[in-house]
Amino acid sequence: LKLLLFLLCVLVMFFSTIIYMVEPLDNVDSLSTAMWMSVITVTTVGYGDVHPSTLLGRIVAGFLCLCSFLFMAMPLSIIGDAFTQTWSDKNRILLMIRTKNRLQTWGYSARDMPRLFKQFDQNGNGELCMDEFVAMIDQMSVGMKRKDAEELFEAFDEDGSGGIDDMEFMKALFPSEYRTIYMSRRPAQVGIDISGLNIPS
């Protein structure tokens with residue numbers, strides 16, 4: 001936003017100066033009048049109380065209209081691209097929100113996730129494959145179907161490696177807790193104790 005406002009000020013000042021120089025004083029009597037005309041042109045309001053009376057002034061005003069059109073297209077394209085990306089990703093976002101709510105409803109906190117991943121990591125490679133992940137979700141009894149669990153796994157496995165670790169899971173669902181648990185953890189604290197965690201059978 002700051003950059004757009006800065007570019008708008010530069011655009012208005014540049015063309016205001018040129019218009020003030022090329023227009024006669026009986027039409028544009030001051031720089032402030034030229035700035036008013038430029039602002040009205042850029043914002044496409046067009047009151048019509050001040051307008052160029054010379055050919056050169058009309059040419060400058062034409063260039064100002066063109067630049068204004070390109071300037072206004074920048075934020076609209078950025079907003080449109082962000083909306084399109086969010087809309088196409090809405091299913092994954094809704095699935096993650098629903099999963100987080102279910103975990104919290106059934107009494108699972110963010111600090112339980114590393115221990116759960118450790119417990120269901122059968123081959124000990126630090127990651128859960130799809131079958132291990134689905135088995136963990138099933139054993140947690142959070143009311144999620146296998147299809148939803150598979151879609152959730154694919155949402156986390158963005159690189160297509162076929163495995164996700166607890167850090168990826170935590171970063172997506174519990175970003176604030178992720179920073180607390182992992183970013184402040186010392187190397188000596190990497191080991192995870194899975195004792196005392198009760199999983200429904």
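Residues numbered from 1 in each chain as written. Predicted model: local features only at pLDDT ≥ 70, side-chain atom pairs only at ≥ 80, totals over all residues. Heavy atoms only, no water.

A.B. asks: Quick question: what am I supposed to make of the nonpolar core here?
C.D. replies: Looking at soluble globular proteins, one finds that nonpolar side chains tend to be buried together. With 30 residues, the main nonpolar core has Leu103, Met113, Phe133, Met136, Met140 and Phe169 as its most contacted residues. For this core, the elements supplying multiple residues, two or more each, are α4 (90-105), α5 (112-120), α6 (130-140), α7 (146-156), α8 (166-173) and α9 (175-183). Discounting residues that sit within four places of it in the chain, Met113 has contacts with Leu103, Tyr108, Met140, Asp166, Phe169, Met170 and Phe174. Counting 13 residues, the second-largest nonpolar core is a separate cluster that includes Ile19, Ala34, Val50 and Ala61. (Core = buried A, V, L, I, M, F, W, Y, C linked by side-chain atoms within 4.5 Å. Buried < 20%, exposed > 50% of the residue type's maximum accessible area, 1.4 Å probe, protein only. Helix = DSSP H or I, 4+ residues; strand = E, 2+ residues; numbered from the N terminus. Contact = heavy atoms within 4.5 Å.)

A.B. asks: I keep staring at the pattern of salt bridges and nothing clicks. Help me out?
C.D. replies: Should their charged atoms come close, side chains of opposite charge can pair. Tallied over the entire structure, the rule returns three salt bridges. In this structure, Arg115 engages Asp112 in a salt bridge whose closest nitrogen and oxygen atoms are separated by 2.9 Å. With a gap of three residues between them, Arg115 and Asp112 both fall in helix α5, about one helical turn apart. A relative accessible area of 22% places Arg115 in the partly exposed class. The closest approach of N and O atoms between Arg146 and Asp131, which form a salt bridge, is 3.7 Å. Of the two residues, Arg146 is situated in helix α7 and Asp131 in helix α6; the sequence distance between them amounts to 15 residues. For Arg146, a relative accessible area of 47% corresponds to the partly exposed category. Overall, Asp131 belongs to the exposed group, its relative accessible area being 52%. (Salt bridge = Lys/Arg side-chain N within 4 Å of Asp/Glu carboxyl O.)

A.B. asks: Before we go on, may I ask you to explain the packing of α5 against α6 in this structure?
C.D. replies: For any two helices packed against each other, the geometry is given by the interaxial angle and the distance between the axes. At a minimum axis distance of 10 Å, the contact between α5 and α6 shows a crossing angle of 120°. Here α5 lies oblique to α6, going by the angle between them. The two elements α5 and α6 meet at a crossing, and its hand is right-handed. Contacts from Met113, Leu116, Phe117 and Phe120 in α5 reach Glu132, Phe133, Ala135, Met136, Gln139 and Met140 in α6. Considering only residue class, the contact of α5 with α6 consists of eight nonpolar, one polar and one charged. (Axes fitted to C-alpha atoms, helices over the stretch in contact; angles between N-to-C directions. Parallel < 35°, antiparallel > 145°, perpendicular 65-115°, else oblique. Left-handed = near helix turned anticlockwise from the far one by under 90°. Nonpolar A, V, L, I, M, F, W, Y, C, P; charged D, E, K, R; others polar.)

A.B. asks: Looking at this structure, how should I read the environment of Met21?
C.D. replies: Within the fold, Met21 resides in helix α1 (residues 2-22). Sequence separation of Met21 and Gly57 is 36 residues, and the distance between their C-alpha atoms is 9.1 Å.

A.B. asks: Explain the side chain of Thr33 here, please?
C.D. replies: Counting through the fold element by element, Thr33 comes out in helix α2 (residues 31-42). Within the local environment of Thr33, its side chain forms a polar contact with the side chain of Asp29, the two groups lying 2.9 Å apart. Setting aside its immediate chain neighbours within four residues, Thr33 contacts Val28 and Val50. (Polar contact = N/O pair within 3.5 Å; in protein donor to acceptor, adjacent residues only side chain to side chain.)

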